[in-house]
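An overview of the molecular structure
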Amino acid sequence: MRRARVRATVATALAVAVAASGCGGGDSPGGGGSGTSGTVTVFAAASLTESFTRIGDDFEAANPGTTVVFNFGGSSGLATQINEGAPADVFAAAAPRNMATVTDAGNADGTPSVFARNQLVIAVARGNPRGIRGLADLTRPGTAVAVCAEQVPCGAAARTALDAASVDLTPVTLEQDVKGALAKVRLGEVDAALVYRTDAAAADDDVSAVEFPESARAVNDYPIVALADAPNPAGARAFVAYVRSDAGRAVLTGAGFQTP
Amino acid sequence: MTATRDAPPAAPAVRRTPSRRTRIPLPLLLPAALGLLFLVLPLGGLLVRTPWSTLPQRLTEPGALTALRLSLQTATLATGLCLLLGVPLAWLLARVEFPGRRIVRALVTVPLVLPPVVGGVALLLVFGRRGLLGGWLDATFGITLPFTTAGVVLAEAFVAMPFLVIAVEGALRAADPRYEEAAATLGAGRWTTFTRVTLPLVAPGLAAGAVLCWARALGEFGATITFAGNYPGRTQTMPLAVYLALETDLEAAIVLSVVLLAVSVTILAALRDRWISAP
Amino acid sequence: MTAALLDARLVVDRGAFRLDVPLRVAAGEVVALLGPNGAGKTTALRALAGLQPLTDGHVTLAGTDLDRPARGSWVPTERRPVGVVFQDYLLFPHLTALENVAFGPRRRGADRRAARDTAREWLRRVGLAGHEHRRPRQLSGGQAQRVALARALAVAPSLLLLDEPLAALDARTRLETRAELHRHLAAHAGATLLVTHDPLDALALADRLVIVEGGRVVQEGDAESVTARPRTDYVARLVGLNLYRGRADGDRVRVADGLHLTVADRVTGEAYVAFRPAAVVVHPARPDGSARNAWPATVSGVQRHGDYLRVRLDGPIAVAADVTPAAAAQLHLTPGQEVWAAVKAAETHAYPATG
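The model shown is predicted, which means the values in this text are computed figures rather than measured ones.

Along the backbone of chain C there are 9 helices and 19 strands. The C-alpha extent of chain C, read off along each of the three principal axes, is 80 × 45 × 35 Å. In chain C, which comprises 355 residues, the proportion classed as buried is 44%. Residue pairs in contact within chain C that sit at least 24 positions apart in sequence constitute 63% of those at least 6 positions apart.

Scanning chain B for helices and strands turns up 14 helices and 0 strands. For chain B, the N- to C-terminal ordering of α and β elements is α-α-α-α-α-α-α-α-α-α-α-α-α-α. Burial statistics for chain B: of 279 residues in total, 42% are counted as buried. The contacts in chain B between residues at least 6 apart in sequence include a share of 77% that link residues at least 24 apart.

Residue and element names in this part refer to chain B. The UniProt record marks residues 26-48, 68-94, 106-127, 147-168, 197-217 and 252-271 with the feature "transmembrane region" (unreviewed entry), using the residue numbering of this structure. A helix fraction of 100% and a strand fraction of 0% characterise residues 68-94, whose end C-alpha atoms lie 36 Å from each other. Here residues 106-127 is 86% helix and 0% strand, with 23 Å between the C-alpha atoms at its ends.

Let us look at the interface of chain B and chain C. Taken together, the contacts link 22 residues of chain B with 29 residues of chain C. When contributions to the side of chain B that touches chain C are tallied by element, the ones reaching two or more residues are α9 (178-185) and α10 (190-201) of chain B. For the side of chain B that touches chain C, the leading source of residues is α9 of chain B, giving 6 residues. Partitioning the side of chain B that touches chain C into residue classes produces 15 nonpolar, 4 polar and 3 charged.

Another aspect to go through is the domain arrangement of chain C. Segmentation of chain C into domains returns domain 1 (6-235) and domain 2 (242-352). A C-alpha centroid distance of 39 Å is found between domain 1 of chain C and domain 2 of chain C.

Here the focus is the UniProt feature "domain: ABC transmembrane type-1" (unreviewed entry) in chain B. As recorded in UniProt, the feature "domain: ABC transmembrane type-1" (unreviewed entry) lies at residues 68-269 of chain B. Spanning residues 68-269 of chain B, this segment combines 79% helix with 0% strand, and its end C-alpha atoms are found 18 Å apart.

Glancing now at the interface of chain B and chain A. Contact residues are listed per partner, giving 21 residues for chain B and 19 residues for chain A. Only α12 (222-227), α13 (238-248) and α14 (250-277) of chain B provide two or more residues apiece to the side of chain B that touches chain A. Tallying contributions element by element places α13 of chain B first for the side of chain B that touches chain A, with 7 residues. Residue composition of the side of chain B that touches chain A, grouped by class: 12 nonpolar, 6 polar and 3 charged.

What follows deals with the nonpolar core. Core analysis: the biggest nonpolar cluster contains 219 residues, and Ala-123, Ala-193 and Val-195 of chain A, Leu-164 and Leu-256 of chain B together with Leu-48 and Leu-194 of chain C have the highest contact counts within it. Considering each element in turn, this core owes the most residues, 17 residues, to helix α8 (residues 149-174) of chain B. Setting aside anything within four residues of it in sequence, one finds Leu-194 of chain C in contact with Val-30, Val-31, Ala-32, Leu-33, Leu-162, Pro-165, Ala-202, Leu-205 and Ala-206 of chain C.

Residues and elements named next belong to chain A. Counting buried positions along helix α3 (residues 75-83) yields 8 of 9 residues, so the element is predominantly enclosed. Within the span of α3, buried status applies to Ser-75, Ser-76, Gly-77, Leu-78, Ala-79, Thr-80, Gln-81 and Ile-82. Positive phi shows up at Gly-85, right after α3, with a value of about 100°.

This brings us to the sheet that holds strand β17 (residues 319-323) of chain C. Backbone hydrogen bonds are what pair the strands of a sheet, in a parallel or an antiparallel way. All names here are of chain C. Here we have 5 strands laid out as an open sheet, ordered β14-β18-β15-β16-β17, and antiparallel in their pairing. Bordering the open sheet on either side are β14 (280-283) and β17, each of which pairs with just one other strand. The average undirected angle you get between the axes of adjacent strands in this sheet is 45°. Pairing between strand β15 (residues 293-305) and strand β18 (residues 338-343): 6 bridges, direction antiparallel. Considered in β18, the bridge of Thr-298 is made with Glu-338.

What follows concerns the sheet that holds strand β5 (residues 120-125) of chain A. All names here are of chain A. With respect to topology, 5 strands assemble into an open sheet ordered β7-β6-β8-β5-β9, the strand pairing being mixed. The sheet terminates laterally at β7 (173-175) and β9 (207-210), the two strands that pair on one side only. Each adjacent strand pair in this sheet contributes to an overall mean axis angle of 35°, direction not counted. Pairing of β5 with β9 involves 4 bridges; the strand directions are antiparallel. Within β9, the residue paired with Ile-122 across the bridge is Val-210. The sheet strands contacting helix α5 (residues 153-164) are β5, β6 (145-148), β7 and β8 (192-196), and the helix crosses β6 at an angle near 115°. The sheet strands contacting helix α6 (residues 178-186) are β5, β6, β7, β8 and β9, and the helix crosses β8 at an angle near 145°.

With that settled, consider the pairing of strand β3 (residues 30-34) of chain C. Residue and element names in this part refer to chain C. Burial within β3 is extensive, with 5 of its 5 residues counted as buried. Residues Val-30, Ala-32 and Leu-34 line one face of β3 and the alternating positions Val-31 and Leu-33 line the opposite face, and both faces are buried. In this structure, β3 lies alongside strand β9 (residues 191-196), joined through 5 bridges in parallel fashion. Within β9, the position partnered with Leu-34 by the bridge is Thr-196.

This paragraph deals with the confidence of the model for chain B. For chain B, mean pLDDT is 86; residues scoring 70 or higher make up 90% of the total. Confidence over residues 1-16 of chain B falls short of pLDDT 50; this stretch has 40 contacts with residues more than four positions distant or in other chains.

A packed helix pair is summarised by two numbers, namely the angle formed by the two axes and the spacing between the axes. Residue and element names in this part refer to chain C. Between helix α4 (residues 141-153) and helix α5 (residues 171-187), the least distance of the axes is 10 Å, while the angle of their chain directions is 15°. Taken as axis vectors, α4 and α5 run roughly parallel relative to one another. Handedness of the α4/α5 crossing: right-handed. Packed against α4, whose contacting residues are Gly-141, Gly-142, Gln-145 and Leu-149, the element α5 presents Thr-173, Glu-176, Thr-177, Leu-181 and His-184 at the interface. Looking at the contact of α4 with α5 residue by residue, the classes come out as 2 nonpolar, 6 polar and 1 charged.

It is worth spelling out the packing of helix α3 (residues 62-95) of chain B against helix α11 (residues 203-218) of chain B at this point. Residues and elements named next belong to chain B. Following both chains from N to C, one finds α3 and α11 inclined at 135°, their axes separated by 8 Å at the closest point. As the angle between them shows, α3 and α11 are arranged oblique. Helix-helix and strand crossings are classified by hand; for α3 and α11 the assignment is right-handed. Across the interface between the two elements, Ser-71, Ala-75, Thr-76, Ala-78, Thr-79, Cys-82 and Leu-83 from α3 touch Ala-210, Cys-213, Trp-214, Ala-217 and Leu-218 from α11. Of the residues contributing to the contact of α3 with α11, the split by class is 9 nonpolar, 3 polar and no charged.

The subject of this paragraph is the environment of Leu-250 of chain B. Residue position: Leu-250 of chain B is located in helix α14. A sequence separation of 200 residues divides Leu-250 of chain B from Thr-50 of chain B, and the C-alpha atoms of the two residues are 9.7 Å apart.

This paragraph deals with the confidence of the model for chain C. A residue-level look at chain C finds 98% of positions with pLDDT of 70 or above and a mean pLDDT of 90. If you check the scores for this complex, the pTM reads 0.75 and the ipTM reads 0.78.

Moving on to the environment of Leu-145 of chain B. All names here are of chain B. Within the secondary structure, Leu-145 sits in the loop between α7 (134-141) and α8. C-alpha separation for the pair Leu-145 and Gly-205, spaced 60 residues apart in sequence, amounts to 31 Å. Setting aside residues up to four positions removed in sequence, Leu-145 forms contacts with Phe-127, Gly-134, Ala-150, Gly-151 and Leu-154.

The backbone of Phe-147 of chain B shows a phi angle near 65°, a positive value even though the residue is not glycine. Structurally, the position occupied by Phe-147 of chain B is in the loop between α7 and α8. Exposure remark for Phe-147 of chain B: the 24 C-beta atoms within 10 Å place this residue in the buried category. Residues other than glycine seldom take positive phi values, yet Ala-62 of chain C does so here, at roughly 50°.

For α5 of chain C, spanning 17 residues, the distance from its first C-alpha to its last is 24 Å, which sits close to the expected 24 Å at 1.5 Å a residue. Contacts from the buried residues of α5 of chain C go to β3, α4, β9 and α6 (199-205) of chain C.

Cut-offs used in this document
Residue numbers run consecutively from 1 along every chain, following the written order of its sequence. Whichever chain is written first becomes A and whichever ligand is written first becomes 1, with later ones labelled in order. It should be noted that, the model being predicted, local features are given only for residues of pLDDT at least 70 and side-chain atom pairs only at 80 or more, the latter also being counted only at that level, while totals for whole chains, interfaces and linings use all residues. A run of H or I in DSSP becomes a helix once it reaches four residues, and a run of E becomes a strand once it reaches two; helices and strands are each numbered from the N terminus. Exposed residues have 12 or fewer other C-beta atoms within 10 Å of their own C-beta, buried residues have 20 or more, and partly exposed residues fall in between, where C-beta atoms are placed from the backbone. Each residue gets a C-beta atom placed from its backbone, and two residues are in contact if those atoms lie within 7 Å. UniProt positions are given in the numbering used here, feature names are shortened, and annotations may be inferred rather than shown by experiment. Polarity classes work like this: nonpolar for Ala, Val, Leu, Ile, Met, Phe, Trp, Tyr, Cys and Pro, charged for Asp, Glu, Lys and Arg, and polar for all others, with Gly in that last group. Per the annotation, domain bounds derive from an automatic or database assignment of domains. By convention the nonpolar core is taken to be a set of buried residues drawn from Ala, Val, Leu, Ile, Met, Phe, Trp, Tyr and Cys and joined through C-beta atoms within 7 Å. At least two DSSP bridges between two strands are needed for those strands to be called paired. Think of each axis as a best-fit line through the C-alpha atoms, taken over the contacting stretch in the case of a helix, with angles from 0 to 180 degrees between the N-to-C directions. Confidence scores labelled pLDDT are given residue by residue by the predictor and lie between 0 and 100. For classification, angles of less than 35 degrees are called roughly parallel, those exceeding 145 degrees roughly antiparallel, those between 65 and 115 degrees roughly perpendicular, and all remaining angles oblique. A crossing counts as left-handed when the near helix is turned anticlockwise from the far one by less than a right angle, and as right-handed when that turn is clockwise. Expected helix span is computed as 1.5 Å times (number of residues minus one).

And the structure:
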């Protein structure tokens, strides 16, 4: 609860700052090649941190005079912030369910589109000392496993995959998000965790990723949309388009996402 | 609930003069009212959004009560642990001159400034499977702390202990050490003096510290999720349940929060009445 | 003074301040340690109680060394057969009167029941039967003082220490309590040391006075000898006397340049001259007649002092004079006024400064 509150505060402060700078930017003459200018505020799922930061840099380079500001966090928390009036331009969620929260409230400008897909892998200590090859190996006695709680997208995906594999797994912890699950692998507190491929890839100094076939049954779709109350509507549309462009897709693929 | 001790009986016939009704100066009243509003309004926000009609059925969901019970148990155990370790520490800081005392005092407050999640990581680095002590504890006694209820207690105690130590140390400093000398002249050794004289003298401060400690432990989130993880019935305390509920269902999260608030406020008010009514 | 129960030489070095006080108190004797604030009285008491370690010297009680740094002997406070009545009593606020008094016996090994019986008996002796279950804050100042006394006596101490036992009381309560305290101190079989800055308390309660100033004993003796022959200004003022030191030559003592006082005693060499303020007569002009000691003075202050007015006079010597309100009115005494002071030789007392 505390973390949520801190996040909300940070988001609000950011949003205020962003709104102020956005107004100033709008007055400045000249824009990029696509005609955008000013500040684009993007609320994006935490799992997009690495890839969106790069896409943001590329977008700014392609559109001189434009600044992209990110607010990364849990998708549901971001959705709440948007519905409570945070001045965001773009929302990129880690699950359709969180996107639905925003569209149902009438806060989306148009229909969200899926721009990336993520799949689960088994994250293990680097080099896979326990020789884990698939989901069934996770039930071996003495194997501590971290899984996301079912309330969050990675947990729902894990449940689907485990059911598909008919594996009855008792994890030691139901983490609140992927990063939490991954951290416990990195610290050596658990032997394995079910996390997204992209998260495992970002942590490849410490962990190895073990692919398993059932993950295909639990693919996670990432939808993106420009927001109805966007302070910078043109910028919002331009950023969404850029994410879905070849350049954006290349970055996402490089991070381990699949792209449609 | 303040940390001050009772007025000493020293001066003869010291009686509290009846409180005169004085006009409250506006520069005090205005910020005071604003401050109260600032603290109470968010609570009001929660209450306004509480789905009262579905409240009973949400409460009877087994997960909610399990988390509540676990929260109350662990917070109470954590407070016990803090009392056991924190009171002697406070005594040491208040009564014993030793080199580096200021540094020790600063170190005690570290958990206050440390983001709780970082505190949880720090606990893992010490008590975790590969931690400084964790491996030894496991190998020697077969004790593993992460992902256990004991781990929750440890995480809560880590974060809450400074509140107790600071409150008790303050009370000890405010208490007149000459009472301890008087006890010594009557034949009481240091330990007897501590238990029979010092502790009763600082009882109000001790109670205040314990209450703060308990409340902080009850609301603990970051260190708990990091060190003890989240598993219903074992390590999923109320704040963890609230945070998870927030992912899917705002109303459920609000209900859980309101329940946590109601229970803790009731308990604190009941305890307070007992303490205050004691002569 | 044979077989002193308490035999001590209290030496405490504390930076600029050094206490060096020899003390001997016999069983059943009450000694008052009298002195101005900062004289070291409380330090001495704390040293005896073991709350302040000695730098040097010794505390020997009934033949046992409680503190003797030179030999490394040290008995901690809680094991000393010493009872203390603190200035502000320090009754434990969380305990009832009975529990306060029972605290000592209990700590010294009595079982709960026996300790409470002892405490009840002591409360009865100090006249507080029926107050057993009051807490300190429910007691009056005088009652609290008696509980404190009972608490200190309940452990049957060989040495009873009292730190300004009456200082916290109002004048009326003080009078009653003093009389009662005297009764209890007289009944106490052990040695008693009383620390006070109030000469009246000291004179009323003690068999012998030890007067300390600046960490040293300046005078010692029974009430009579100290009041009759004060040796310092402080003592003189304590006992309400004007005191001067000078060179004596038969019946004349030179107390200031140009001022010789004629005295009734015959002394030679360094000597003190003392006389009571009431012996000083204030005249509007140079007096004639039998008063041979007369000198011009200036009124520097007039203060009410009981039934009298105390007039402070400057001049060759500073003098306190007590006059009746009627006399004062007649003289129209105001500060700055020029008058003559006179004292009869028969009203003075002179004694050698040495020995």
